[in-house]
Structure formats: structure tokens, C-alpha cells
Amino acid sequence: QVQLVESGGGLVQAGGSLRLSCAFSGRTFSRYVMGWFRQAPGKERDFVAAISGGGGSTYYADSVKGRFTISRDNAKNTVYLQMNSLKPEDTAVYYCAKSPSSTVTSRVYDSWGQGTQVTVSS
């Protein structure tokens, strides 16, 4: 049974930074592609970023490329999302998720955290 718990959300001014963390409980964390998604009020959940099991491959949505960085620490069973140069349009609930696939471009995810709120004020 996999459990994902996000933390690190909060309120930040435009141009600021936040780092989200996602703690993974379960077996063989390093086998899995991990991803971050976000959902703004009244909108669908959107893909943000993904990272391969070993951390050597990453993949980003165009809207965050160059501003956000996904990383992982397999010794700590944790995946991170460093968010810089935040914009009001980045305001959303951010979710981490586990993929059963081995490719970072997969959009198939089968376990989800409860989400953490990020609010960017203008």
C-alpha cells in the first residue's frame, strides 16, 4: 500500500519561491516515476513535472519550464518540487503522484497524495 503526503505549500508573493515535498510510504520508491500535478479552482488537474526512478530524467509542462525543478532523494523516499519566480497563475492545489510506468512522459498515475495549497499573491 502506497501513501503519499505532501507538505510545503503556503502563501507567497509573486516572484517568490516555495519548495514542496512529498513523502512516500511503501516499498521500492526508487522504482517509480513520480510526478507533480496541480488543480486550480474550477479547472482540471494539470500535469506539472515528472522524474524517473533514478532521478536522471525529468519532464516539465511548458508553463513551468525554467521556473520549477523536480528532484528526489531515494534515501529519504521523498520527491521535491522547487518553485521559483512564482506567478499568480501558479495558484492551485499541488498533488504528488506515483506512476506504474518507467517513462517520465507517461500520464498514467495510480496513487495520489491529498494535496497542498499554494497561493501566489500579486
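Residues numbered from 1 in each chain as written. Predicted model: local features only at pLDDT ≥ 70, side-chain atom pairs only at ≥ 80, totals over all residues. Heavy atoms only, no water.

*Asks:* Before we move on, can you summarise the sheet that holds strand E8 (residues 78–83) with the specific residues and values?
*Replies:* Strands sit in the order E1-E3-E8-E7 across an open sheet of 4 strands; the sheet is antiparallel. One side of each edge strand has no neighbouring strand; the edge strands of this open sheet are strand E1 (3–7) and strand E7 (68–73). Averaged over all pairs of adjacent strands, the angle between strand axes in this sheet comes to 15 degrees, irrespective of strand direction. Bridging between E7 and E8 involves 6 bridges; their strand directions are antiparallel. Residue pairing for E8: Ile 70 is matched across the bridge by Leu 81. (Pairing = 2+ DSSP bridges. Helix = DSSP H or I, 4+ residues; strand = E, 2+ residues; numbered from the N terminus. Axes fitted to C-alpha atoms, helices over the stretch in contact; angles between N-to-C directions.)

*Asks:* How would you sum up the pairing of strand E3 (residues 18–25)? Please name residues and give values.
*Replies:* With 5 bridges connecting them, E1 and E3 associate as antiparallel partners. Residue pairing in the sheet places Ser 7 in a bridge with Ser 21 of E3. By the bridge criterion, 6 bridges tie E3 to E8 in an arrangement that is antiparallel. If you follow Ser 21 over to E8, its bridge partner there is Tyr 80.

*Asks:* Quick one: what's the story with the nonpolar core, residue by residue and with numbers?
*Replies:* Within the largest apolar cluster, 34 residues are counted, with the highest numbers of intra-cluster contacts made by Trp 36, Leu 81, Met 83 and Tyr 94. At the level of elements, E3, strand E4 (33–39), strand E5 (45–51), E7, E8, strand E9 (92–99) and strand E11 (116–121) are the ones that each hand at least two residues to this core. Examining the composition of this core, we find that 5 residues originate from one element, E5, more than from any other. With residues up to four places along the chain from it excluded, the contact list for Met 83 reads Gly 16, Ser 17, Leu 18, Leu 20, Arg 67, Phe 68, Tyr 94 and Val 118. (Core = buried A, V, L, I, M, F, W, Y, C linked by side-chain atoms within 4.5 Å. Buried < 20%, exposed > 50% of the residue type's maximum accessible area, 1.4 Å probe, protein only. Contact = heavy atoms within 4.5 Å.)

*Asks:* An account of the state of the cysteines is requested, with residue identities and associated values reported.
*Replies:* Counted by the stated rule, this structure contains 1 disulfide. Put simply, Cys 22 and Cys 96 are joined by a disulfide, and their sulfur atoms are 1.9 Å apart. Remark: Cys 96 occurs in strand E9 and Cys 22 occurs in strand E3; sequence separation between them is 74 residues. With respect to class, Cys 22 is no different from Cys 96; both count as buried. (Disulfide = S-S within 2.5 Å.)

*Asks:* Can you lay out the environment of Ala 61 for me, pointing to particular residues and giving the numbers?
*Replies:* With respect to the secondary-structure elements, Ala 61 resides in the loop between strand E6 (58–60) and E7. For Ala 61 and Val 79, which are 18 residues apart along the polypeptide, the C-alpha to C-alpha distance reads 17 Å.

*Asks:* Any chance you could break down the pattern of salt bridges for me, citing the residues and the numbers?
*Replies:* Throughout the structure, instances matching the rule amount to 4 salt bridges. The salt bridge involving Arg 67 is made with Asp 90; its shortest N-O contact spans 2.7 Å. Residue Arg 67 is found in the loop between E6 and E7, and its partner Asp 90 is found in the loop between E8 and E9; the two are separated by 23 residues along the sequence. Of the two residues, Arg 67 and Asp 90, both sit in the buried class. Within this structure, Arg 38, Arg 67 and Asp 90 form a network of salt bridges that share partners. (Salt bridge = Lys/Arg side-chain N within 4 Å of Asp/Glu carboxyl O.)

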